[in-house]
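Given next are the chains, with one letter for each unit.
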Amino acid sequence: MSAGAAPGGSAESPGPGRAAAGRRAARPGRVRRHPALQRRRVVVGPHAVDVRGTFDPALPPVVLVHGIGMSGAYLLRLADELAATRDVYALDLPGYGTAPKPRRPLSVPELGETAAGAIAALRLSGPVAVGHSMGCQIVVDAVKDHPGLCSGYVLIGPTVDPRARSLPGQAWRLLRDTLREPLPTNAVILRDYLRMGPLRYLRTTRHMLADRVEEDIRGCAAPGLVVRGERDPIAPRDWALRLAREAPDAGFLELPGAPHNAQHTDPKELAAACAPFLDACRPAHRPDVPA
């Protein structure tokens, strides 16, 4: 299970995930933009998930999952790029963004189960699940525990590197990244952090640090792609490479010059770099789309 890689996204394994990662995507030309994302709320067991989506069943689906303290808001720039050719959904999981807060913060496995339930409630067939930061841990749990749910998965800036599996370690890396992010990105992050609240954030951090994504990813049968920004201190290159190697079939891609929040700072470049992998993931026929 090795995933050789080099900056710019080269990979060595011939599997679907790694082969797709090795092809350099051409920059897209002028493409249509979606007119607006529709807002809906879906119920998953005792919880509610708020969704911003294009709800276009004629296109292959992609589901975007946020990280700790965040919401789908900081994924909207990437959603806008992807929506030119895909049916895109950005989730607000329970306790995040506008979604109602559960009595206690949900663990990573519980969030993974809720994300999987949201995909089922939206009647999406074979979407590609895209996670950012702690959202990568959520996506891995959803893919691992629900074989066949997703046709592939993408992990952007995945947490948690075992060498910083502590509150001080994560805080130091977060501070370093904050200094590398542009002001508009930091403003979006701060707003969502304040909305979640510091106590709930700290309690959720315990769940994030206890989760072992490097072990869970071994159970992900679908093809995957691990992505990091070249200047991301939260997901170092050797950690991202290790995660790709631990997966049964995952490639590695590095986005030049990007910090941790590449989906917000470099959405066009990120969408173009991931396009070959997304194209290689073939979702099953959606039951609500005529053949």
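Definitions and cut-offs
- Residues numbered from 1 in each chain as written.
- Predicted model: local features only at pLDDT ≥ 70, side-chain atom pairs only at ≥ 80, totals over all residues.
- Heavy atoms only, no water.
- Salt bridge = Lys/Arg side-chain N within 4 Å of Asp/Glu carboxyl O.
- Helix = DSSP H or I, 4+ residues; strand = E, 2+ residues; numbered from the N terminus.
- Axes fitted to C-alpha atoms, helices over the stretch in contact; angles between N-to-C directions.
- Parallel < 35°, antiparallel > 145°, perpendicular 65-115°, else oblique.
- Left-handed = near helix turned anticlockwise from the far one by under 90°.
- Contact = heavy atoms within 4.5 Å.
- Nonpolar A, V, L, I, M, F, W, Y, C, P; charged D, E, K, R; others polar.
- Core = buried A, V, L, I, M, F, W, Y, C linked by side-chain atoms within 4.5 Å.
- Buried < 20%, exposed > 50% of the residue type's maximum accessible area, 1.4 Å probe, protein only.
- Pairing = 2+ DSSP bridges.
- Right-handed = clockwise from strand over helix to strand, strands pointing away.
- pLDDT = per-residue confidence, 0-100.

**Student:** What is the right way to look at the pattern of salt bridges in this model?
**Tutor:** Pairing between side chains of opposite charge can happen when the charged atoms of each approach one another. The full count for this structure, using the stated rule, is 15 salt bridges. Of the charged contacts, one joins E214 and R165 as a salt bridge, the two residues approaching to 3.0 Å between their closest N and O atoms. Highlighted residues: E214 in helix 8 (residues 213-216) and R165 in the loop between strand 8 (152-156) and helix 5 (167-178), separated in sequence by 49 residues. Salt bridges sharing common partners tie together D161, R163, R173 and D238.

**Student:** Could you clarify how one ought to interpret the packing of helix 3 (residues 108-121) against helix 4 (residues 134-145) in this entry?
**Tutor:** For any two helices packed against each other, one specifies the crossing angle of their axes together with the interaxial distance. In the contact formed by helix 3 and helix 4, the axes pass within 8 Å of each other and the chain directions differ by 65°. Considering their axes alone, helix 3 and helix 4 lie roughly perpendicular with respect to each other. Classified by chirality, the crossing of helix 4 by helix 3 is right-handed. Taking contact as the criterion, the partners of V108, P109, L111, G112, A115 and A116 in helix 3 are, on helix 4, M134, Q137, I138, D141 and A142. Looking at the contact of helix 3 with helix 4, its residues break down into 8 nonpolar, 2 polar and 1 charged.

**Student:** In this structure, what is going on with the nonpolar core? I would like to understand it.
**Tutor:** One recurring pattern in soluble globular proteins: nonpolar side chains tend to sit buried together. The biggest cluster of nonpolar side chains holds 52 residues, and the ones touching the most others in it are L91, L93, Y153 and L155. Sorting elements by how many residues they give to this core places helix 4 first, with 7 residues. Core analysis: the next-biggest nonpolar cluster, separate from the first, contains 30 residues, A79, A90, V128 and A273 among them.

**Student:** Can you help me understand the pairing of strand 10 (residues 250-255) in this one?
**Tutor:** Walk down a regular strand and you will see the side chains alternate between the two sheet faces. For strand 10, a buried count of 6 out of 6 residues is recorded, marking the element as mostly surrounded by other parts of the structure. Of the two faces of strand 10, the one carrying A250, F252 and E254 and the one carrying G251, L253 and L255 are both buried. For strand 9 (residues 224-229) and strand 10, the ladder comprises 6 bridges, and the chain directions are parallel. Across the sheet, residue G229 finds its bridge partner in strand 10, namely L255. The parallel pair strand 9 and strand 10 is bridged by helix 9 (residues 237-246), and the resulting crossover is right-handed.

**Student:** Hey, could you run me through the confidence of the model for the protein in this one?
**Tutor:** Averaged over all residues, the pLDDT of the protein is 88; the fraction at 70 or higher stands at 85%. With pLDDT under 50 throughout, residues 1-16 is counted as low confidence; its partners more than four residues away or in other chains account for 43 contacts. Note on residues 18-32: pLDDT under 50 across the span, and 42 contacts to partners over four residues away in sequence or across chains.

**Student:** Sorry, what's going on with unusual backbone geometry here?
**Tutor:** With glycine set apart, most residues show a phi of negative sign, and most peptide bonds adopt trans. That bond from T159 to V160 is cis: its omega, 5°, falls within 30 degrees of zero. Within the element layout of this structure, V160 appears in the loop between strand 8 and helix 5. Notably, S133 is not glycine yet its phi reads approximately 55°, a positive angle. By the secondary structure assignment, S133 is in the loop between strand 7 (128-132) and helix 4.

**Student:** Is there a simple way to think about the pairing of strand 7 in this case?
**Tutor:** With respect to burial, strand 7 is a largely interior element, 5 of its 5 residues being buried. With burial as the criterion, each face of strand 7 is covered, one bearing V128, V130 and H132 and the other bearing A129 and G131. Direction of pairing for strand 5 (residues 61-65) relative to strand 7: parallel, over a ladder of 4 bridges. Each residue of the ladder has a partner; that of V62, found in strand 7, is V128. Pairing of strand 7 with strand 8, which is carried by 5 bridges, proceeds in the parallel orientation. By the bridge assignment, A129 is partnered in strand 8 with Y153.

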